[in-house]
Amino acid sequence: MFEFIDVKFKEIIDLPALCFERKKITTLIGASGSGKTTILKMLNKMLSPTHGRIIYNHTDLRRINSVAHRRQVAMLSQNPAIFEGNIRENLLIGLKLQEKDLPGDDAVLGVMEQVKLNKPLDSPVYTLSGGEKQRLALGRILLLNPEVYLLDEPSAALDENTEEMIMQMVTGHVRKKNKTLVMVTHSKAIAEQYADTVIEIVSGRCFRRGENNERDH
Amino acid sequence: MNGIIDLTAWQVALAYLFVLLVLAIVRMRGINREKEILISSVRMTLQLILVGYILVYLFDYPNPWLTAGIVLCMEAFAVYTVLNRFNDQLVKPLKYIIAIAMSAGTLACLAYFLLVVVRLTPWYAPQYFIPIAGMLIGNSMTGVVLGLKLLLDGMTTQKALVEEALILGATPRAASRNIINNAFDSAILPTINSMIGMGVVFLPGMMTGQILAGIAPITAIAYQIAIMLGILGAVALTVIIMLQLGYRTFFNQEDQLCSR
Ligand SMILES: Nc1ncnc2c1ncn2[C@@H]1O[C@H](COP(=O)(O)OP(=O)(O)O)[C@@H](O)[C@H]1O
Ligand SMILES: [Mg+2]
């Protein structure tokens, strides 16, 4: 689905060849500062390679409109900014920014359930903890219903139990809906437990690529 | 008390007593401002004397080219003042946009005001053209400075939110909507406030000048009302053109935030 050809980003990334497969779950692991976030940002055109090219569905990413691309390939950033207002407004912000029709509270409550947030929709966001904010940010991209999910350490601020629940939910959702997921994680265990493919990044290079063959579907 | 009391040079000099008063105050309190106070008083005096002679000449020999030339100089000076104020914070395209917005906004309002509202004949009559152009351009300049400051501040302090909006699939326009609206609102607020206080809290300079010069207050007031509305229009138009074109310079061709 994504194919990197001779991609470099400044001195940070050097990936002569790398691909991310359609309708698969790929996890990126590696030390902090190794370039994982930079790779995700290149996948949704928040950054463009300084050298080489990325092919998305047989088309050079440079020839695809950035905004349209980001609507298909949604990203949860590592430190997602939360907007002023209440929970409902924050969940709907993506749709609002994309100038789409806004769904009713039923759909919003469905997402709240998915991300295990149990608070009134009218609560102001400053009442939320770090972990709750992270799940709120996950919820707001679930509502966008994109083709591809890019998640940058989505469980970094969560305790072990919540992390497990959220991982189960996200991977289950992606498989059920036949979507593609690329996820950065700090945990090797999570990477291997949920992924079809694990890519280890060292200093901006692909150090190891492992397929999880036990999984079939 | 009919007619106009002419001020002699000697009488004007008497008004310098106010400057001496201020100088005495700052000296006594040890506030280090004497130089600026002196320089600004002298500068103001010399500039106005110079302008006076230019106006005398213009009024004696009305000429479309001269009028147009003076207005162009005012525009250039206003643009220069804005660019100078923000010096190194502006990328080149934004500088061009400021010049375009200020010229287009003020000239459009000026043309409407003089040709449709006042119905000036000949169109270049300097007694009207120059002071009205001065007021529209001067107020627009203040508005642009305010709007630009809020645009630059917003794009810096709210950078994370703008970036997040882009990540969520917003167009650059949608991602900066709040910043643009806030900047526009703040830029026209002083004009709105001055209309609220008009005639109650203060009498505006133009009207005071006209009344002092012997024009009937009702005529002076009619002009003042029209000019206030003209100023509001010019400020709003100039600022919105600047913002609507200017926000884009913070993004690149790929709809990513430019690093600057
Ligand atoms: N836009 C950028 N320009 C230059 N250097 C950057 C940029 N963004 C991140 N970096 C640097 O690139 C390296 C990789 O960063 P990042 O992709 O965030 O790593 P990771 O997500 O694996 O922790 C870091 O050394 C970081 O300081
Ligand atoms: Mg990172």
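The structure we're discussing is the one just above.
Residues numbered from 1 in each chain as written. Chains lettered and ligands numbered in written order. Predicted model: local features only at pLDDT ≥ 70, side-chain atom pairs only at ≥ 80, totals over all residues. Heavy atoms only, no water.

**Notes on the coordination of the magnesium ion (ligand 2)**
All names here are of chain A. Under the convention used in this document: Donor selection uses N, O and S atoms within 2.8 Å of the metal (3.2 Å for Na, K and Ca). Since no water is included, sites may look incomplete. What counts as a helix is a DSSP run of H or I of at least four residues, what counts as a strand is a run of E of at least two, and both are numbered from the N terminus. Three labels apply to residues, based on accessible area from a 1.4 Å probe with only protein chains included: buried if under 20% of the type maximum, exposed if over 50%, partly exposed otherwise in between.
Around the magnesium ion (ligand 2), the protein contributes the donor atoms T37 (OG1) and Q78 (OE1), which lie 1.9 to 2.3 Å from the metal centre. Highlighted residues: T37 in helix 1 (residues 36-43) and Q78 in the loop between strand 6 (73-76) and helix 3 (87-97), separated in sequence by 41 residues. We classify T37 as partly exposed; its relative accessible area is 24%.

**Side note on the interface of chain B and chain A**
The cut-off we apply is this: Contacts are assigned to residue pairs that have any heavy atoms within 4.5 Å of one another. By buried area we mean the combined loss of accessible area, with a 1.4 Å probe, across both parts when two parts are placed together. Just to be clear on terms, a salt bridge is a Lys or Arg side-chain nitrogen sitting within 4 Å of an Asp or Glu carboxyl oxygen. Pairs of N or O atoms are called polar contacts if they sit within 3.5 Å, as long as, within protein, a hydrogen donor faces a hydrogen acceptor (for residues adjacent in sequence, only side-chain-to-side-chain pairs).
In this complex, chain B contributes 17 residues to the contact, which on the side of chain A involves 26 residues. The contact between chain B and chain A buries some 1,700 Å² in all, and 55% of this surface belongs to carbon and sulfur atoms. Between E99(A) and R177(B) there is a salt bridge, and its shortest N-O distance comes to 3.6 Å. Taken together, the connections running from chain B to chain A amount to 11 residue pairs in polar contact (both at pLDDT 80 or more). Secondary structure elements with two or more residues in the side of chain B that touches chain A: helix 7 (159-167) and helix 8 (172-175) of chain B.

**Digging into the pairing of strand 9 (residues 197-202) of chain A**
All names here are of chain A. Inclusion rule: In this description, strands pair whenever DSSP reports at least two bridges between them.
Taking burial as the measure, the 6 residues of strand 9 include 5 buried ones, the bulk of the element. Across 4 bridges, the pairing between strand 3 (residues 25-29) and strand 9 is parallel. Looking at the pairing, T26 lines up with T197 of strand 9. Where strand 9 lies against strand 10 (residues 205-211), 6 bridges are found, and the strand directions are antiparallel. The residue of strand 10 that forms the bridge with V198 is G210. The turn joining strand 9 and strand 10, which pair antiparallel and follow one another in sequence, is formed by 2 residues; a positive phi near 50 degrees is taken by S203.

**Some remarks on the sheet that holds strand 8 (residues 180-184) of chain A**
Residue and element names in this part refer to chain A. Basically, it comes down to this: Axis definition: a line fitted to C-alpha atoms, limited for helices to the stretch in contact. Angles are taken between N-to-C directions and run from 0 to 180 degrees.
The sheet built from 6 strands is open, its strands ordered 6-7-8-3-9-10 with mixed pairing. Each edge of the sheet is formed by a strand with only one pairing partner; in this case those strands are strand 6 and strand 10. Strand after strand, the sheet turns through a mean of 15 degrees between neighbouring axes, direction not considered. Sheet analysis places strand 6 next to strand 7 (residues 148-152), joined by 4 bridges and oriented parallel. Counted as the bridge partner of A74 is Y149 from strand 7.

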